[in-house]
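Overview (structure and organization)
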Amino acid sequence: MTMLNRPRRMRESSFSRTLMRENNISVSNLIYPMFVIEGTGVRQDIESMPGIQRLSIDELIKDASECNQFGIPAIAIFANVDINKRNQTGSEVLSPDNIIVQATKAIKDTAPDVGVITDVALDLFTDHGHDGILRDGIIVNDETVETLCKAAVLQADAGADIISASEMMDGRMGAIRDALNDAGHTDIGTLAYTAKYASGYYGPYREAVGTDGLLKGDKRSYFMDPANSDEALYEAQLDIAEGSDMIMVKPGMPYLDIIYRLKTEFGMPTIAYQVSGEYSMIMAGVEKGFVEEQRVIMESLTCFKRAGADAVLTYFAPRVAQWLNDG
Ligand code: PBG
């Protein structure tokens, strides 16, 4: 008998491969996480993230405008906060002119079309590097949530389009939604870091934001255990019931199964965060000549789409946008 099925027929030529391609990453799926620092004219290399810099606000707005020109729909803002402004409770997060507020306003003034995603977590502002308020060795949930709500309103007042919450406190999405609504920000969206794992892949980010030397202990009492999958569904169910507009999985590539499960189960806008450690591992491989830069980056981003992600936070965003736009 002759062989009837030859899947290779459709892989034979470029045109048929293109026609059969099930998933594509496009510029419109990219969110660029950026790091801001005080000063003017500052562009500071981050050693563990080759190609990524901390930017003062004047430089940040240049790069944000460039992202806008490339067609990148949104950026996420993080900051390396002056050490003198960090304390036990992270109270600087509520200061009306803190660096995140200033950066948000500056971007909205110069590139109003760029979606700005801010984050209410306290890690940038605490002197112990934890995401919440630390009392007697415990990250206290409800007191932290009260601060997050105020931070959310402050950031929304500054012009943020989407308020994200990356600290995994219980009940925070609903509380933030209520606080935004009460302040008249009913149309400001919320993004829940729904399944945020207690991961080893955040190391380079902590260098970027300056929490690496500060962090005492680890975040296992509030981030999820990397061994768990059903728990992500439980978290997602709560976040959605609490009014979240988008849900996120973080890190990304080691957790593609979680992205798939959440997208399949809930059908919500689902975001992947390709975190700093993923970025740095790829860059280390590239710098050593072990892997091809463009090829592995595009492959990694296509995987997120295949798993069901609608958009990806990635430090590769501007590079990828240029490749896609030039291609
Ligand atoms: C904490 C926060 C983390 C990241 C962003 N916000 C993790 C952490 O420090 O525990 C990590 C992002 C990355 O690694 O790219 N709120």
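What this report covers is the structure whose coordinates are included nearby. (Residues numbered from 1 in each chain as written. Predicted model: local features only at pLDDT ≥ 70, side-chain atom pairs only at ≥ 80, totals over all residues. Heavy atoms only, no water.)

Before going further, it helps to spend a moment on unusual backbone geometry. The peptide bond linking Lys250 to Pro251 adopts the cis configuration, its omega dihedral lying at -10°. When you line up the elements, Pro251 lands in the loop between β10 (246-250) and α8 (256-266). Residues other than glycine seldom take positive phi values, yet Asp136 does so here, at roughly 50°. Within the element layout of this structure, Asp136 appears in the loop between β6 (133-135) and β7 (138-140). In this structure Asp136 comes out as exposed when scored by relative accessible area, which is 81%. Unlike most non-glycine residues, Met168 shows phi in positive territory, near 65°. Within the element layout of this structure, Met168 appears in the loop between β8 (162-165) and α5 (172-182). (Helix = DSSP H or I, 4+ residues; strand = E, 2+ residues; numbered from the N terminus. Buried < 20%, exposed > 50% of the residue type's maximum accessible area, 1.4 Å probe, protein only.)

A separate point is the site of the ligand. Of all residues adjacent to the ligand, which total 16 residues, the nearest are Ser166, Arg206, Lys250, Ser276 and Tyr315. For the ligand, a nitrogen atom lies 3.1 Å from a polar atom in the side chain of Asp123. Take Ser166: an N or O atom from its side chain is 2.7 Å from a nitrogen atom of the ligand. Among the residues forming the shell around the ligand, the class breakdown is 8 nonpolar, 2 polar and 6 charged. (Near = heavy atom within 4 Å. Polar contact = N/O pair within 3.5 Å; in protein donor to acceptor, adjacent residues only side chain to side chain. Nonpolar A, V, L, I, M, F, W, Y, C, P; charged D, E, K, R; others polar.)

We now examine the side chain of Glu92. Along the chain, Glu92 turns up in the loop between β4 (74-80) and α3 (99-110). Notably, Glu92 is buried but unbridged: the nearest opposite-charge side chain belongs to Lys85, and the N-O separation is 4.7 Å. The contacts of Glu92, once residues within four sequence positions are left out, are Lys85, Asn98 and Phe125. (Lys, Arg positive; Asp, Glu negative; His and termini not counted. Salt bridge = Lys/Arg side-chain N within 4 Å of Asp/Glu carboxyl O. Contact = heavy atoms within 4.5 Å.)

Turning our eyes to something else, we now look at the pattern of salt bridges. All chains considered together, the criterion is met by 16 salt bridges. For Arg135, the salt bridge is made with Glu143, and the minimal N-O distance between the two is 2.7 Å. For Arg135, a relative accessible area of 35% corresponds to the partly exposed category. Glu143 gets classed as partly exposed once you look at its relative accessible area, which sits at 32%. Between Asp218 and Arg220 there is a salt bridge whose closest N-O contact spans 3.1 Å. Here the salt bridges do not stand alone but share partners, grouping Arg43, Glu59, Lys62 and Asp63 into one network.

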